Amino acid sequence: MKISGVDIRPGNILEYEGGIWKVAKIQHTQPGKGGAYMQVEMKNLMDGRKTNVRFRSADTVEKVRLDTKDYQFLYEDGSQLVFMDADTYEQINLDSDLLGDARPFLQDGMQVSLELWEERPISVALPNQVEATIVDADAVVKGQTASSSYKPAMLDNGVRIMVPPHIESGTRIVVDVYEQSYVGKAG
């Protein structure tokens, strides 16, 4: 489906110059002279390259529709991750780089969605929120209040996040995977 350059939004998957690109950031600019344009920062889903491109309102680009399929994470084999198709029990190996910064949050048995382009996996989407355990939380500094300050804490997966002062080591919490931020205590 073709879309206008000014209709591009973050998260869109575009076919551009023979590659598949995911839009990371956009900035609409209206200069004093000349027409408006959209400054688009994109990442190539095949090889990881990044680029910045200017699209004018008259430019059109192909928006790609990806197929999604549910898989279950089984185990890690070196730098490869092994997933199983929930319907056919077929296993596939994918490079751990497909997960990016979300990699530490992948847990054994976790249900994930693979985005496929022409039957080829190009990205792995984890659930937006997961439960984790605090293994180390810094002490509260005198004068901090519960409503206005956070303190650093280490999760059981090695990720450091900011948590409210009342959270202590051993507490199970809910974490936003993509923002890597505290959501609340686990229920």
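Since this is a predicted model, take the numbers as computed values, not measurements. (Residues numbered from 1 in each chain as written. Predicted model: local features only at pLDDT ≥ 70, side-chain atom pairs only at ≥ 80, totals over all residues. Heavy atoms only, no water.)

Engineer: Where do I start with the overall build of the protein chain in this structure?
Structural biologist: When helices and strands are tallied, the protein chain shows zero helices and 16 strands. For the protein chain, the C-alpha radius of gyration of 21 Å lies well beyond 16 Å, the compact-globule estimate for 187 residues. Dimensions of the protein chain, computed from C-alpha atoms along their principal axes, come out at roughly 55 × 50 × 25 Å. Across the 187 residues that make up the protein chain, the buried fraction comes to 39%. Long-range pairs, those at least 24 residues apart, make up 41% of the contacts in the protein chain between residues at least 6 apart in sequence. Surface summary for the protein chain: the accessible area is close to 11,000 Å², and the carbon and sulfur share equals 45%. Within the protein chain, the 28 negative side-chain charges are centred at a point lying 10 Å from the centre of the 20 positive side-chain charges. (Helix = DSSP H or I, 4+ residues; strand = E, 2+ residues; numbered from the N terminus. Rg over C-alpha atoms; globule rule 2.2 N^0.38 Å. Buried < 20%, exposed > 50% of the residue type's maximum accessible area, 1.4 Å probe, protein only. Contact = heavy atoms within 4.5 Å. Areas by Shrake-Rupley, 256 points an atom, 1.4 Å probe, with all protein chains shown as cover. Lys, Arg positive; Asp, Glu negative; His and termini not counted. Charge placed at Lys NZ, Arg CZ, Asp CG, Glu CD.)

Engineer: Would you mind going over the environment of S181 with me for this structure?
Structural biologist: With respect to the secondary-structure elements, S181 resides in strand β16 (residues 181-185). The sequence separation of S181 and I161 amounts to 20 residues, and the corresponding C-alpha distance is 6.0 Å. Leaving out residues up to four positions away in the same chain, S181 has contacts with V174, V175 and D176.

Engineer: Looking at this structure, I do not really get the sheet that holds strand β1 (residues 2-4). What am I missing?
Structural biologist: Strands pair in a sheet through their backbones, by hydrogen bonds, and they do so in one of two ways: parallel or antiparallel. Read across the open sheet, the six strands follow the order β1-β6-β2-β3-β4-β5; overall the sheet is antiparallel. Looking at the sheet topology across the chains shown, the edges are occupied by β1 and β5 (50-56). This sheet shows a mean twist of 45 degrees between the axes of neighbouring strands, independent of strand direction. By the bridge criterion, eight bridges tie strand β3 (residues 19-29) to strand β4 (residues 37-44) in an arrangement that is antiparallel. Of the residues in β4, the one forming a bridge with T29 is Y37. (Pairing = 2+ DSSP bridges. Axes fitted to C-alpha atoms, helices over the stretch in contact; angles between N-to-C directions.)

Engineer: Teacher, can you tell me more about the domain arrangement of the protein chain here?
Structural biologist: A common way to express how large an interface is: the accessible area buried when the components associate. Along its sequence, the protein chain is carved into domain 1 (2-64), domain 2 (67-125) and domain 3 (129-185). The straight-line distance from the C-alpha centre of domain 2 to that of domain 3 is 27 Å. Contacts between domain 2 and domain 3 engage eight residues on the former and nine residues on the latter. For the domain 2 and domain 3 pair, buried surface summed over both sides reaches about 650 Å², with 66% attributable to carbon and sulfur atoms. It is A102, P104 and F105 that lose the most area in domain 2 upon contact with domain 3, and together they represent 70% of the buried surface on that side. Connecting domain 2 to domain 3 are zero salt bridges. Summed over the shared surface of domain 2 and domain 3, the result is three residue pairs in polar contact (both at pLDDT 80 or more). When the residues that make up the side of domain 2 that touches domain 3 are grouped by side-chain class, the tally is six nonpolar, one polar and one charged. (Domains from an automatic or database assignment. Buried area = accessible area lost by both parts, 1.4 Å probe. Salt bridge = Lys/Arg side-chain N within 4 Å of Asp/Glu carboxyl O. Polar contact = N/O pair within 3.5 Å; in protein donor to acceptor, adjacent residues only side chain to side chain. Nonpolar A, V, L, I, M, F, W, Y, C, P; charged D, E, K, R; others polar.)

Engineer: In this structure, what is going on with the side chain of N44? I would like to understand it.
Structural biologist: Relative to the elements of secondary structure, N44 occurs in strand β4. Within the local environment of N44, its side chain forms a polar contact with the backbone nitrogen of D47, the two atoms lying 3.3 Å apart. Beyond its immediate stretch of four places on either side in the chain, N44 contacts G19, I20, W21 and R49.

Engineer: I keep staring at the sheet that holds strand β15 (residues 172-176) and nothing clicks. Help me out?
Structural biologist: With respect to topology, five strands assemble into an open sheet ordered β14-β13-β12-β15-β16, the strand pairing being antiparallel. Each edge of the sheet is formed by a strand with only one pairing partner; in this case those strands are β14 (160-163) and β16. Recorded for the sheet is a direction-independent mean angle of 55 degrees between the axes of neighbouring strands. In the sheet, strand β12 (residues 129-137) pairs with β15 via five bridges, with the strands oriented antiparallel. Its bridge partner lying in β15, E131 is registered against V174.

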